[in-house]
Amino acid sequence: MTTDTGEVGERRLSLPAWRDIGHGAQRQGILLAFIVFLILFSLFSDRFASWDNASTVFRQVSIIGTIALGVTIVVIGGNLDLSVGSMLSFSTVMVVDLHDKIGPAPAMAITLVATLAIGCVNGILVGFLKLNSLIVTLGMLSAIQGLTLIYSGGQNVDITDQEATWFAFFGRDFVLGIAVPTWIFLGLAVVFHIVLTRTAYGRRVFAVGGNKTAAAFSGIRRARVVFSTYVISSFTVFCAALILGSRVMGSQNNVGQGYELLVLAGVILGGTSLLGGSGSVIKTVIGVLILGFIQNGLLLMGYQYYAQWLVTWVVIILAVWLDVASQRGRLFTTTA
Amino acid sequence: MTKTLATLQNLRRFTVIPPIWLFTLACAIFFSLMTDNFAEIGNLKNILQQTSTIGLIALGMTVVMINGNIDLSVGAVVALAASLAVGLQSEIGTLPAVFVGLGAGIGLGFVNGMIVWKTGVDAFIVTLGAMIGVRGLVFLYTQEQSFFAMDFAYSDFGMSQFAGLPTLAWVFLGFTVLMHWLMTSTVHGRNAYAVGGNRDAALNAGIRVGRHMVVNFMIVGFFAALAGITLSTQMGASTPNLGREYELWTITAVVLGGTKLAGGAGSIVGTLGGVLAIGILRNGMNLMQVPAFYVLVILGAILIIVLFIDRQVNRAGVEEVKI
Amino acid sequence: MTAETATPHAAPNASDRDAVTAREPLLRLDGITKTFPGVVALDDVSLEVRAGEVHALLGENGAGKSTLMKILAGNHTANRGAIHLEGEPVHFDNPMQAKRAGIVLIHQELSLVPEMTVAENIFLGSLPKGILGTVKWRVLFAVADEILKTLGCRFSAKDKVEKLSIANRQMVEIARALVFTPKVVVFDEPTASLTDAEKVVLFEIIRGLMRKGVGIVYISHRMDEIFTLSHRLTVLRDGKVRGTRVTAETTEDDVTRLMIGRSLEGREKRAAGEPGPVALEVRGLSCGSLYRDISFEIRKGEVVGMYGLIGAGRTEIAETLFGLRSPDTGEIRIDDETVEIDAPPDAIARGLALVPESRKEQGLVLGMSCRDNMSMAQLGTVSNGMGFLKPKAEQAIYDTYATMLDLRSPGPQALVVNLSGGNQQKVVIGKWLSTAPEILILDEPTRGIDVGSKSEIHDLIRRLAGTGLAILVISSEMPEIMGVSDRVIALYHGQMAGVFDAATLTEDRLVQAISGL
């Protein structure tokens, strides 16, 4: 294998210590960055390192985080899902609208079926018809946006009796001192982590994402696996819609606009490779939390709301750069 | 003489009519038959003016995508350039403000390109970060305010006509011709295909791939900024949310036009077809009084159908293993 | 140039060998040493090439051939040592510098841009530039056509590369090398994907270069090519030169010994014994233009070889048996029962196993561990009713087959991407043996792996047949097919060109069969 060492060689970075950190960073870098962040923010703000504040952040990231869990599985399987943002709009509008018409439980059931159906369409197009996932889900993004508007007639929807309904449970209640959205987010994270690392299904997802041809040659039904990842992704969107609808008790038609790329930012920040075949939902949880703590910490430190986006820009690139650089063994490429 | 002839022949060699034009024409014919006013000169001018914004960005995006990269930050750059060009008018004058706007676009393109080149991080991720960050810059600069153009010449420009066509349509068509020439007849354009088609081969052949990519990111940055400025001349104002989701619309138009996401294949002529297809659909359905909601569904469906047909046509049939 | 003395159309005879060896070296590599982190890739390697000489470079995978050539072509820089071209010391920082100096490497993987024209590919990176940076198309096409003509190519410089055959693409690569009026051309496994007819053309071109006084470094695994083409040969092993020989004065055995450091034991006699009942029977199988009317049977304990040129339909037949293609007509019978195989899981359930042609693309998930790759074909059996994996069951599979196949891997969790080609292939074979198949199909089981692992795999195939497996071996290497099979099926253009008993089959007869004679 000596011949395959690629461009490693001349003009090597002469910092062996940095390299060692780099290699460890490949696995633990994101956790390290996370801890550094927490410490930095704690130093600059007294209120940052408090239980209340931490639980606020968890609650804030729960919507993006829950969707990011599903998207992580799609990405590990070697695909992208850009339709989750408009799917979230659709799902939230539907569950809120139906709540007053047929009651919370039937509303949830029908919304679940409708959302999963959209996931199935994604899954059929990408899995069974083998179309490029970026373009398919881009098209679905637009189509679902339209569907949402057709469904609502362009009107915003809301729940009239916000105090009486048990639907408030998903977005507003606490269990054992922890917010229900946080329970949903972390609960799904644990379940997905176990599924991905301990079951045959999880292994299949990694195999298909790592090399779909080899997976098929090993008797893994690739199309079904890809299909299932999109169904899972749509399920997480449904869960996020419950949190969002219940928290706001209403919904705008474009409430999920732009979520697809923020979610992806969390997934990437966690260290899941867009190439597929590697990654983990735990990393994604950390990636999403970093996004949340950046926002929270900067606000506490008195910066404007939008400053977090600038920091996010820098952090995403630094995080992936660290990853790429440690695999390469040098900071910069030598490409001419 | 022979030299011009050869050049013409070569323009033709690379100007295979992409299949999207069939669809574009079919749409045009359909709407001409179904509505009274689609085929009117005034309406056709409208379409050109309406599509010029996405169209300009799509020209730059085509180059970057043929080159094997992607730029998700164009929508945010639209807002930044528009805000700067409108917001700085009263302080430094209209023309300097426009140049600052364009400069910001080119500069951000340079930053994106340098990061992609030097760090080796995928362009999708780099520009996704930039999309978020630049939008933050816009909000910080504008303090969430919309700006209105104080210079009436600025907003007049957006509505003006030249030789019977809207000036903005001229701008779009002029740059389309220029970019077509760039991609088919210049060494830089041909190298873009080489780098996108086989990066290692291009490197081994001594093409300076990194520099080349940076130039292309600057080109798309320029076009995004220009689109932002022309859009704000039409509105006579800029808003911090300007250009949201433009990256998605642009990619849709470019992909409809036949440019491959993997790079190495595509054309400006195809992109023009894709841009016009979207413009004609929107305009025609509007004339038929189909609510805008349905247009979104239909556009999404068409994108997927085009992808499906493309796959069926290009598939080697029985040669492919079923997996 | 004095090289006109070389006889065309034939192997260099003794007299021009003397003439060639007497000349001053055109290219001299002196004491080249190259280290990668933790590995010495090249250790004090010296090599010289004379004008008009074909100097063959041999060695197992990982011996350092490619690294040496990359240093020569400017892709890598050596830690120590010097390169002299025509007596002058030279130093290359990048491939362009090497090309300008006259050293061109023709890559193993084709490095063309398929969507562009032949001419643009030939002049990639140095397109003739006019005012405003425009391409001077007329000059470009005229010069490119001129070069193609000297190579005897029948396609135009205006054709797109994606429309050309593999052989013609290789011609474009060579044409690209000629732009720089090369002094030294390195061919890295040039015949890997060529048909016999195309090889003849290639050799003619190499001899043409030779006559012009170009020095040629020829890297190949194939002894027959090296012995027809080269004047001298140098063998590398573990990054060191193990010997340089005049080709005419050495033997294949000698060269093999230099390559692996020991001589290969004589091929084991086949396990005697009557083959059992028919395990797999194929009747009248046809699939579009790929193959027609294929019928054969394999008995338990029997090794059947399938031989034919690339494109003869061999791989496609194997893929059909494994459910990766649907046949138009025909019948597949396993254990006397007609079976429907729609997808690989059906095939696996029927006791079939396929070790595919391309290890890295079809056989392995390179980013996964050895253990995970080995259990991939039977995730159902290594997990419980709830779908949870049983790590002990997976470990047991790894232990069993790592031992049986003598897998040299740092451990079960080592990523397969870090293993050598031979050991990667063992992981693939282990994956399939662990499914306890009754019918094993091996498509090019030894392609691109070193001589040592190769003979291990041949022994294994015979051993497995001895245990009652029905085995189908597909190969492009005649010695492999002849050595390992009981019977040989010859294919010609997707049709059966005969079934032969290996014991009485001669090489000539087999060559005739696959050439449609």
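Each remark here, short or long, concerns the structure printed above.
So, here is what we can say about the structure in this document. (Residues numbered from 1 in each chain as written. Chains lettered and ligands numbered in written order. Predicted model: local features only at pLDDT ≥ 70, side-chain atom pairs only at ≥ 80, totals over all residues. Heavy atoms only, no water.)

Topic: the overall build of chain C
What counts is decided by this rule: Strands here are runs of E lasting at least two residues and helices are runs of H or I lasting at least four, both read from the DSSP assignment and numbered beginning at the N terminus. Only C-alpha atoms enter the radius of gyration; for comparison, a globular chain is expected to reach 2.2 Å times N to the power 0.38, where N is the number of residues. A contact between two residues is defined here by any heavy atoms of the two lying within 4.5 Å. The protein chains shown are the only cover counted for residues, whose accessible areas, like all others here, come from Shrake-Rupley with a 1.4 Å probe. Under the convention used here, Asp and Glu are negative, Lys and Arg are positive, and both His and the chain ends fall outside the count. The atoms used to mark charge sites are NZ of Lys, CZ of Arg, CG of Asp and CD of Glu.
Helix and strand counts for chain C come out as 18 helices and 20 strands. Relative to the globule expectation of 24 Å for 517 residues, the C-alpha radius of gyration of chain C, 25 Å, shows essentially globular dimensions. Overall, chain C is about 70 × 55 × 50 Å in size when its C-alpha atoms are taken along their principal axes. Of all intrachain contacts in chain C linking residues separated by at least 6 positions in sequence, the fraction that spans at least 24 positions is 65%. A total accessible area of about 21000 Å² is found for chain C, and carbon and sulfur atoms account for 51% of it. Here chain C holds 58 positive side-chain charges and 68 negative ones, and the gap between their average locations is 5 Å.

Description of the overall build of chain B
Threshold: Buried residues are those whose accessible area, probed at 1.4 Å on protein chains only, stays under 20% of the maximum for their type, while exposed residues exceed 50% and partly exposed ones sit between those limits.
The helix and strand tally for chain B stands at 15 helices and 4 strands. Relative to a compact globule of 323 residues, whose C-alpha radius of gyration would be 20 Å, chain B shows 20 Å and is just as compact. Each principal axis of the C-alpha distribution contributes one length, and for chain B these read about 60 × 55 × 55 Å. Counting across all 323 residues of chain B, residues that qualify as buried make up 59%.

Regarding the interface of chain C and chain A
This is how the line gets drawn: Accessible area, probed at 1.4 Å, shrinks when two parts are joined; the buried area is that loss added up over both. A pair is scored as a salt bridge if a Lys or Arg side-chain nitrogen falls within 4 Å of a carboxyl oxygen belonging to Asp or Glu. Pairing of N or O atoms within 3.5 Å defines a polar contact, subject to two protein rules: one partner must be a possible hydrogen donor and the other a possible acceptor, and residues neighboring in sequence count only if both atoms are side-chain atoms. Residue type decides the class: Asp, Glu, Lys and Arg count as charged, Ala, Val, Leu, Ile, Met, Phe, Trp, Tyr, Cys and Pro as nonpolar, and the leftover types, Gly among them, as polar.
Contact residues are listed per partner, giving 46 residues for chain C and 28 residues for chain A. Across the chain C/chain A interface, buried area totals approximately 2800 Å², and carbon plus sulfur atoms make up 61% of it. Applying the counting rule to chain C against chain A returns 3 salt bridges. The shortest N-O distance in the salt bridge between Glu394 of chain C and Arg203 of chain A comes to 2.8 Å. At the junction of chain C and chain A, the tally comes to 8 residue pairs in polar contact (both at pLDDT 80 or more). Here the side of chain C that touches chain A is built from residues that sort into 23 nonpolar, 14 polar and 9 charged.

Focus: the packing of aromatic side chains
Geometrically, a pair of aromatic rings is defined through the distance of the ring centres and the angle of the planes. In plain terms, the rule: Geometry of aromatic contacts follows a simple scheme: Phe, Tyr and Trp rings, the Trp one being its six-membered ring, pair when their centres are within 6.5 Å, and the pair is stacked under 30 degrees between planes, edge-to-face over 60, tilted otherwise. A positively charged side chain is recorded as over a ring if its NZ (Lys) or CZ (Arg) lies within 6 Å of the ring centre. The angle to the ring normal must also be within 35 degrees.
Taken as a whole and judged by the stated rule, the model has 20 aromatic pairs over all chains. On the numbers, 5.2 Å between centres and 75° between planes, the contact of Tyr306 of chain A with Trp309 of chain A is edge-to-face. Of the aromatic side chains, those joined through ring pairs into one cluster are Trp166, Phe167, Phe169 and Phe170 of chain A. The side chain of Lys118 of chain B reaches across the aromatic face of Trp117 of chain B, ending 4.1 Å from its centre. The ring centre of Phe141 of chain C lies 5.2 Å from the NZ or CZ of Lys158 of chain C, which sits over that ring.

Quick word on the layout of surface pockets
The condition that has to hold: We place a 1 Å grid over just the protein atoms. Points where a 1.4 Å probe fits but has no way out form a cavity, open points with protein on both sides within 12 Å along at least 5 of 7 lines form a pocket, and any residue with an atom within 4 Å of a point lines it. Grid points are joined across faces, edges and corners, and a volume is the space filled by probe spheres set on the points.
Estimated volume of the second largest pocket: approximately 940 Å³. Of all the secondary structure elements, the ones that give two or more residues to the lining of the second largest pocket are helix H2 (51–76), helix H10 (222–248), helix H11 (259–270), helix H12 (281–300) and helix H13 (307–328) of chain A together with helix H7 (123–142) and helix H13 (246–256) of chain B. Class assignment for the residues of the lining of the second largest pocket results in 18 nonpolar, 9 polar and 6 charged.

Quick notes on the pairing of strand E7 (residues 184–188) of chain C
Residues and elements named next belong to chain C. Counted only if it meets this: By the convention used here, strands pair only if DSSP detects at least 2 bridges between them.
Among the 5 residues that make up E7, 5 are buried, leaving the element largely enclosed by the rest of the structure. Side chains of E7 alternate between two faces, with Val184, Val186 and Asp188 and Val185 and Phe187 buried alike. As defined by bridge partners, strand E6 (residues 103–106) adjoins E7 across 4 bridges and the pair is classed as parallel. In the strand pairing of E7, Val104 is matched with Val185. Where E7 and strand E8 (residues 215–219) come together, 5 bridges link them in parallel fashion.

What about the interface of chain B and chain A?
Bring the parts together and some accessible area is lost; that lost area is often taken as the interface size. Tallying the contact residues gives 51 residues for chain B and 52 residues for chain A. Buried area between chain B and chain A, both sides added, is near 4600 Å², and the carbon and sulfur share of it is 78%. Counting across the interface, chain B meets chain A through 0 salt bridges. Where chain B packs against chain A, one counts 9 residue pairs in polar contact (both at pLDDT 80 or more). For the side of chain B that touches chain A, the elements supplying multiple residues, two or more each, are helix H6 (94–119), H7, helix H11 (199–204), helix H12 (209–235), H13 and helix H15 (292–314) of chain B. When residues in the side of chain B that touches chain A are grouped by element, the largest group, 15 residues, is from H7 of chain B.

Digging into the environment of Val180 of chain A
Residue and element names in this part refer to chain A. Structurally, Val180 is set in helix H7 (residues 180–198). For Val180, a relative accessible area of 4% translates into the label buried. Between the C-alpha atom of Val180 and that of Ala54, which follows or precedes it by 126 residues, the distance is 15 Å. Those residues within four positions of Val180 in sequence are excluded, and the remaining contacts are Phe169, Phe170, Asp173, Phe174 and Val175.

Brief notes about empty space enclosed by the protein
Rule in force here: Bear in mind that the domain bounds are from an automatic or database domain assignment.
On inspection of all chains with the given rule, the structure shows 6 cavities of 30 Å³ or more. Taken as a whole, the largest cavity holds about 130 Å³ of empty space. Asn204 of chain B together with Lys99, Val104, Leu105 and His107 of chain C are, among the 13 residues lining the largest cavity, the residues nearest its centre. Of the residues in the lining of the largest cavity, the class split is 6 nonpolar, 4 polar and 3 charged. Looking at which domains feed residues into the lining of the largest cavity, each of domain 1 (2–102 + 181–260) and domain 2 (112–179) of chain C gives three or more. By volume, the second largest cavity is sized at about 90 Å³. Taken together, Leu138, Gly139, Leu141 and Ser142 of chain A together with Glu245, Leu248, Trp249, Thr252, Leu299, Gly300 and Leu303 of chain B form the lining of the second largest cavity. Tallying contributions element by element places helix H5 (residues 133–152) of chain A first for the lining of the second largest cavity, with 4 residues. In the lining of the second largest cavity, the residues fall into 6 nonpolar, 4 polar and 1 charged.

Quick word on unusual backbone geometry
With phi around 55°, Gln143 of chain B is a residue other than glycine that occupies positive phi space. For Glu444 of chain C, which is not glycine, the phi torsion reads 50° and is therefore positive. When you line up the elements, Glu444 of chain C lands in the loop between strand E17 (439–443) and helix H16 (451–466).

Here we look at the pattern of salt bridges
Residues and elements named next belong to chain C. In total, this model carries 29 salt bridges over all chains according to the counting rule given. The residue Arg408 makes a salt bridge to Glu456 at a minimum N-O spacing of 3.2 Å. Separated by 48 residues along the polypeptide, Arg408 in the loop between helix H14 (391–404) and helix H15 (421–433) and Glu456 in helix H16 bring together distant segments of the chain. Here Glu456 falls in the partly exposed class, since its relative accessible area comes to 27%.

Observations regarding the packing of H7 of chain A against H12 of chain A
Residues and elements named next belong to chain A. Where we set the bar: Note on definitions: angles span 0 to 180 degrees between N-to-C directions of axes, and those axes are lines fitted to C-alpha atoms, for helices only across the stretch in contact. Angles below 35 degrees are treated as roughly parallel, those above 145 as roughly antiparallel, those between 65 and 115 as roughly perpendicular, and all remaining angles as oblique.
Where H7 meets H12, the closest approach of the two axes is 8 Å, and the angle between their N-to-C directions is 150°. Classified by the interaxial angle, the pair formed by H7 and H12 is roughly antiparallel. Listed contacts from H12 to Phe185, Leu186, Ala189, Phe192, His193 and Leu196 of H7 are Val281, Ile282 and Val285. The residue makeup of the contact of H7 with H12, split by class, is 8 nonpolar, 1 polar and no charged.

Re the nonpolar core
Basically, it comes down to this: By nonpolar core we mean a set of buried residues, namely Ala, Val, Leu, Ile, Met, Phe, Trp, Tyr and Cys, connected to one another through side-chain atoms within 4.5 Å.
Ranked by size, the top nonpolar core spans 281 residues in total, and within it Ile67, Leu88 and Leu264 of chain A together with Leu280, Phe296, Leu440 and Ile471 of chain C carry the most contacts. If one sorts the elements of this core by residue count, H12 of chain B sits on top with 13 residues. Leaving out residues up to four positions away in the same chain, Ile471 of chain C has contacts with Ile298, Glu302, Val303, Val304, Leu440, Leu442, Ile461, Leu464 and Ala465 of chain C. Core analysis: the second largest hydrophobic core is formed by 43 residues, Val135, Phe155, Ile205 and Ile216 of chain C among them.

Some thoughts on the side chain of Asn423 of chain C
Turning to its location among the elements, Asn423 of chain C is positioned in helix H15. Those residues in contact with Asn423 of chain C that lie beyond four places of it in its chain are Asp406, Leu407 and Arg408 of chain C.

Notes on the sheet that holds strand E14 (residues 329–334) of chain C
Residue and element names in this part refer to chain C. Pairing is antiparallel across the open sheet formed by 4 strands, whose spatial order is E12-E11-E14-E15. Each edge of the open sheet is held by one strand with a lone partner, namely strand E12 (291–299) and strand E15 (337–338). Where helix H10 (residues 314–321) meets the sheet, it contacts strand E11 (278–287), E12 and E14, and its direction lies at approximately 65° from that of E12.

Thoughts on a nonpolar patch on the surface
All names here are of chain A. Put simply, the test is: Exposure above 30% relative accessible area and the absence of a salt bridge qualify a residue for a patch, where like charges join within 9 Å and nonpolar side chains (Val, Leu, Ile, Met, Phe, Trp, Tyr) within 5 Å.
A cluster of nonpolar side chains, Leu31, Ile35, Val36, Ile39, Leu40, Leu43 and Phe44, forms an exposed patch at the surface whose accessible area comes to about 680 Å². Relative to the elements of secondary structure, Ile35 occurs in helix H1 (residues 16–44). Overall, the relative accessible area of 44% leaves Ile35 in the partly exposed class.

Let's talk about the packing of helix H8 (residues 152–159) of chain B against H12 of chain B
Each pair of packed helices gets described by two things: the angle between the helix axes and the distance between those axes. All names here are of chain B. Direction vectors running N to C along H8 and H12 enclose 100°, while the axes themselves pass 6 Å from each other. Compared by their axis directions, H8 and H12 come out roughly perpendicular. When H8 is examined against H12, the residues Tyr154, Ser155, Phe157, Gly158 and Met159 are found in contact with a partner set consisting of Ile229, Ser232, Thr233 and Gln234.

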